[in-house]
Amino acid sequence: MSTVTTPFPVALRLLVGYVASTDRLRFAGFVVLVVVEGLLGPVTIAASGLAVARAAPAFGAGLDSAAAAALAAAVGLAGLAFAAGQLITPLRDAVATSLGSRVAQRMREQLLSATVGPPGLAHLEDPETAEEIRRAGEYEWADLAPLTTIVQQLGAALKTVISAAGAGVLLAGFAWWAPLLLILAAVGTHVWMAGNEHEIVEQHEAHAGQQRRADYFRDLALDPPAAKEVRLFGLAGWLAGRARRHRTAYLRHVWQARRANLRPVLLTLGTIAVANGAVLAALGATAVSGGLGAAELTVYVQALIALQSLGHPLLATWWVRQGAAALPHLVGLAERTHRLSVRPRGSAPAIGMPRRELRLSGVRFGYPGHDRPVLDGVELAIPAGSSLAIVGRNGEGKTTLLKLLARFYDPDEGAVRIDGTDLRDLDLASWRAQLAVIFQDFIRYELTAHQNVGFGRVETAGDPEAVRRAAERAGALELIKDLPDGWQTVLSRHYRGGVDLSGGQWQRIALARALRAADAGARLLVLDEPTAALDVRAEAALFERFLELTAGTTTVLVTHRLSSVRHVDRIAVLDRGRIAQHGTHAELMATDGLYRRMYRLQARRFDEGVHDA
Ligand SMILES: Nc1ncnc2c1ncn2[C@@H]1O[C@H](COP(=O)(O)OP(=O)(O)O)[C@@H](O)[C@H]1O
Ligand SMILES: [Mg+2]
């Protein structure tokens, strides 16, 4: 779906349909309230006309006369209708509020199931779908138009339309053309204005990219982590200038559209004034010539006034557009994201796997929407219980290979097999429970130290002894004990009493998380360069410690630094989409190939003092 705005009738249908299907009973009650409230207006007008008509005969007729009783009935009816209207309005608003919050809740849940639901990653990594998801999330449009308000406005608009229709019927008693003229003036001019409003929204949508860019620069200026670089590189002025430039570019288009809107607004007001003047003049002329009594004049003038409010529901179109803006993106989003994602297929339990081996055969894979495959013809076997290092330059596809192992994606060709069973035939959740992976960009949860480690197995995250043991083995226990609130310290400076850890400390926490998963039964442990912040020696030390701790478990280490992984059982060199070399460090060093060349190059750089190669 592109940036084109939804036409109003479509938006209205979408919004009303969505609201109605969210809670049919409440919606029905809401509509009944709105209709009753709408009819009370014309009833009040008619009753007041009746009261005027009955006033003259009642004057001086005495309290117990029939004329007085008739007058009292008319006044009573008018009063009752008015009072009922006063009572029903807050009630209708309350129902609208609860209906609106239910709609918002449903939208939140749909969005969540569309994003968190699919077991794969394609929908999140595909730029087009990611954009869809972002737009589907804009249902509470910058909090300007929460759905509660939108539903309230919708109710108020419908009520006004019903009231105006009733008033129109009353005014038709004077002349059929009078209500027609007033309605035409109001609706006609509105349609015209709506076109212009549409233009403004269109401009907003078309240049929203500029605004997002401006927001990005503003956020960079406000973001504490970025603050260091911003100051160091003296970027503040540049960022502010950029933010201003993008914001101004965006606003210029919107202002232009608004200025163009001014003439139609004036013409609209003029047209409505002329139509009202014509009806009022006709009423006056007829009354003066004796064609209308006081009672009829009362009714007609009130009806004419009531018809003015037709302008209000027309304003509600804005609210409807806002309310419906996210819906085309949200409706069916979950199906679309699930379709992109890998699908659960098999249901064979994976508990205890791999027992024998993990094997990739003839694996070819490219990211959706990209022509060139990242992996092409990967052949690799990892015996259960052994350790393997996957090495290769940045961008060769090491992380991608791991994503296939975790089944975030399925291979385009070939298969990943665990003990001979295609990964696609295994129960996905049960397979993932066999995995403990620390990715390059592992998550630093802004939660307590306990939760950060316990997430290795969330079901037993509350087990303090198990969590403590994992931290101890990862060498993280000391640092956690030193935290101001110990295990309960939130690992983020954004919280009161929270603390930020250094890169190396975070790695130990992440390591503890992986060890916790291993203790809890994970059979395949993977470290994907979570060591970017460490120097070569520290990375080597961490890898070695990890290998010691997990001896006997199938372990995969990923790095582009060859010296860190000399002690693994086997090394696989990933190059140009396939495994170019495979063997022990000694075997690979004895062969004239990519590994030996890269190793010597990196060793030389290291000796020269360039610590990372
Ligand atoms: N989500 C993605 N969509 C498209 N291309 C991607 C995506 N993730 C990675 N790539 C590309 O795939 C290649 C391999 O990336 P990656 O597996 O991260 O390499 P490595 O981990 O070896 O550094 C790179 O060219 C990278 O740009
Ligand atoms: Mg990587």
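Residues numbered from 1 in each chain as written. Chains lettered and ligands numbered in written order. Predicted model: local features only at pLDDT ≥ 70, side-chain atom pairs only at ≥ 80, totals over all residues. Heavy atoms only, no water.

## A word on empty space enclosed by the protein
Operational definition: The definitions used throughout rest on a 1 Å grid laid over the protein atoms alone, on which a cavity is an enclosed set of points accommodating a 1.4 Å probe that cannot get out and a pocket is an open set flanked by protein within 12 Å on both sides along at least five of seven lines; lining residues are those having an atom within 4 Å of a point. Grid points are joined across faces, edges and corners, and a volume is the space filled by probe spheres set on the points. Here a strand is any run of E in DSSP of at least two residues, a helix any run of H or I of at least four, and the numbering for each starts at the N terminus. Residues are grouped as follows: Ala, Val, Leu, Ile, Met, Phe, Trp, Tyr, Cys and Pro are nonpolar; Asp, Glu, Lys and Arg are charged; every other residue, Gly included, is polar.
In this structure the tally under the stated criterion is two cavities of 30 Å³ or more. A volume near 40 Å³ is recorded for the largest cavity. If you trace the largest cavity, you find it lined by Ile438, Phe442, Gln507, Ala510, Leu511, Leu527, Pro530 and Leu542. For the lining of the largest cavity, the element with the highest residue contribution is helix α20 (residues 503–519), accounting for three residues. A class-by-class count of the residues in the lining of the largest cavity yields seven nonpolar, one polar and no charged. By volume, the second largest cavity is sized at about 40 Å³. Considering the residues around the second largest cavity, the lining is formed by Leu404, Arg407, Tyr409, Asp410, Pro411, Val416, Asp422, Leu423 and Arg424. Tallied by class, residues from the lining of the second largest cavity come to five nonpolar, no polar and four charged.

## Some points on the pairing of strand β9 (residues 570–575)
For the record, the criterion: Burial classification: accessible surface area is computed with a 1.4 Å probe over protein chains only, and a residue below 20% of its type maximum counts as buried, one above 50% as exposed, and the rest as partly exposed. When DSSP finds two or more bridges between two strands, those strands count as paired.
Along β9, five of the six residues are buried, which leaves the element largely enclosed by surrounding structure. Linking two consecutive strands that pair antiparallel, namely β9 and strand β10 (residues 578–583), is a turn of two residues; a positive phi of about 50 degrees is found at Arg576 within it.

## As for the site of ligand 1
For the record, the criterion: For this purpose, a residue is taken to be near a molecule or strand whenever a single non-hydrogen atom of the residue falls within 4 Å of it. The term polar contact refers here to a pair of N or O atoms within 3.5 Å; inside protein, the definition further demands a hydrogen-donor-capable atom paired with an acceptor-capable atom, and it admits residues adjacent in sequence only when both atoms are side-chain atoms. Shrake-Rupley sampling with a 1.4 Å probe provides the accessible areas, and residues are treated as covered by the protein chains on show and by no other component.
The local shell around ligand 1 holds 13 residues, among which Glu125, Gly395, Lys398, Thr399 and Thr400 are the closest. Gly395 places a polar main-chain atom, nitrogen or oxygen, 2.7 Å from an oxygen atom of ligand 1. At 3.0 Å, a backbone N or O of Gly397 approaches an oxygen atom of ligand 1. Burial of ligand 1 by the surrounding chains reaches 68%, relative to a free accessible area of 560 Å². Split by residue class, the shell around ligand 1 holds two nonpolar, six polar and five charged.

## Considerations on the sheet that holds strand β1 (residues 357–365)
Note the cut-off: Contact definition: two residues touch when any of their heavy atoms are within 4.5 Å. Only C-alpha atoms enter the line fits that serve as axes; for helices the fit covers just the stretch in contact. Angles between N-to-C directions range over 0 to 180 degrees.
Pairing is antiparallel across the open sheet formed by four strands, whose spatial order is β2-β1-β4-β5. At either margin of the open sheet sits one strand with a lone partner, and together these are β2 (375–383) and β5 (421–422). Seen against the sheet, helix α15 (residues 398–405) touches β1, β2 and β4 (413–418) and runs at an angle of roughly 115 degrees to β1.

## Some words on the nonpolar core
Put simply, the rule reads: We define a nonpolar core as any set of buried Ala, Val, Leu, Ile, Met, Phe, Trp, Tyr and Cys residues linked to one another through side-chain atoms lying within 4.5 Å.
Membership of the largest hydrophobic core comes to 47 residues, with the highest contact counts inside it found for Val391, Ile480, Leu527, Leu557 and Tyr595. Residue contributions to this core peak at nine residues, all from α20. Excluding residues within four positions of it along the chain, Leu557 makes contact with Leu388, Ala389, Ile390, Leu527, Phe543, Phe546, Leu547, Val565 and Val568. By size, the runner-up hydrophobic cluster in this structure holds 34 residues, among which are Leu358, Phe408, Leu435 and Val526.

## What about the domain arrangement of the protein?
Counted only if it meets this: Where each domain starts and ends comes from a domain assignment, either automatic or drawn from a database. Buried area: the accessible surface (1.4 Å probe) lost by two parts on joining, summed over both. By definition here, a salt bridge exists when the distance from a side-chain nitrogen of Lys or Arg to a carboxyl oxygen of Asp or Glu is within 4 Å.
Structurally, the protein comprises domain 1 (1–174 + 294–340), domain 2 (176–291), domain 3 (348–434 + 530–608) and domain 4 (440–522). Here the C-alpha centre of domain 4 lies 26 Å away from the C-alpha centre of domain 3. Across the boundary between the two partners, domain 3 contributes 14 residues, which contact 14 residues of domain 4. Of the roughly 1100 Å² buried at the junction of domain 3 and domain 4 (both faces included), carbon and sulfur atoms supply 58%. Where domain 3 packs against domain 4, one counts zero salt bridges. Run the count over domain 3 and domain 4 and you get four residue pairs in polar contact (both at pLDDT 80 or more). A per-element tally of the side of domain 3 that touches domain 4 places helix α21 (residues 536–549) first, with four residues. Of the residues assigned to the side of domain 3 that touches domain 4, the class counts are eight nonpolar, five polar and one charged.

## Focus: a nonpolar patch on the surface
Keep this limit in mind: A patch consists of residues exposed above 30% relative accessible area that lack any salt bridge, with like charges linked at up to 9 Å and nonpolar side chains (Val, Leu, Ile, Met, Phe, Trp, Tyr) linked at up to 5 Å.
On the surface, a cluster of nonpolar side chains totalling about 550 Å² of accessible area is made up of Trp176, Trp177, Leu180, Leu181 and Leu184. Residue Leu181 is classed as partly exposed on the basis of its relative accessible area, which comes to 33%.

## Focus on the packing of aromatic side chains
Condition: Two rings from Phe, Tyr or Trp (for Trp, the six-membered ring) form a pair when their centres sit within 6.5 Å of each other. Planes less than 30 degrees apart are called stacked, planes more than 60 degrees apart edge-to-face, and all others tilted. Lysine and arginine charges are scored as sitting over a ring when NZ or CZ, respectively, is within 6 Å of the ring centre and within 35 degrees of the ring normal.
Scanning the model with the defined rule gives nine aromatic pairs in all. Between Phe217 and Trp238, the aromatic rings sit 5.6 Å apart at their centres with planes inclined by 85 degrees, giving edge-to-face as the arrangement. Here Phe217, found in helix α8 (residues 208–222), pairs with Trp238, found in helix α10 (residues 236–288); they are 21 residues apart in sequence, far enough to count as distant. Centroid distance Phe365 to Tyr409: 5.1 Å. Interplanar angle 55 degrees. Geometry classified as tilted. Taken together, the positions of Phe365 in strand β1 and Tyr409 in the loop between α15 and β4 put the pair 44 residues apart, joining distant regions of the chain. Counting every residue linked through ring pairs, the aromatic cluster contains Tyr216, Phe217 and Trp238. Over the ring of Tyr18 we find Arg106; its NZ or CZ atom is 4.1 Å from the centre of that ring.

## Some points on the sheet that holds β9
Ordered in space as β6-β7-β8-β3-β9-β10, the six strands form an open sheet in which the pairing is mixed. The sheet terminates laterally at β6 (435–438) and β10, the two strands that pair on one side only. Neighbour to neighbour, the strand axes of the sheet diverge by 15 degrees on average, direction disregarded. Sheet topology places strand β3 (residues 387–391) next to strand β8 (residues 554–559); five bridges connect them, and they run parallel. The partner of Ser387 across the bridge, within β8, is Thr555. The strands touched by α15 are β3, β6, β7 (524–528), β8 and β9; relative to β8, the strand with the most contacts, the crossing angle is about 150 degrees. Here α21 sits on the sheet in contact with β3, β7 and β8, set at roughly 170 degrees to β8.

## Quick look at the UniProt feature "transmembrane region" (unreviewed entry) in the protein
Rules: UniProt positions are given in the numbering used here, feature names are shortened, and annotations may be inferred rather than shown by experiment.
Per the UniProt record, "transmembrane region" (unreviewed entry) is annotated on residues 27–53, 65–88, 161–187 and 265–287. For the annotated span residues 161–187, helix accounts for 85% and strand for 0% of the residues, and the straight-line distance between the end C-alpha atoms is 11 Å. Annotation note: span residues 265–287, helix share 100%, strand share 0%, distance between end C-alpha atoms 33 Å.

## Thoughts on the pairing of β10
Relative to β10, β9 is paired through five bridges, and the arrangement is antiparallel. From the neighbouring strand, Leu574 faces β10, where its bridge partner is Ile579.

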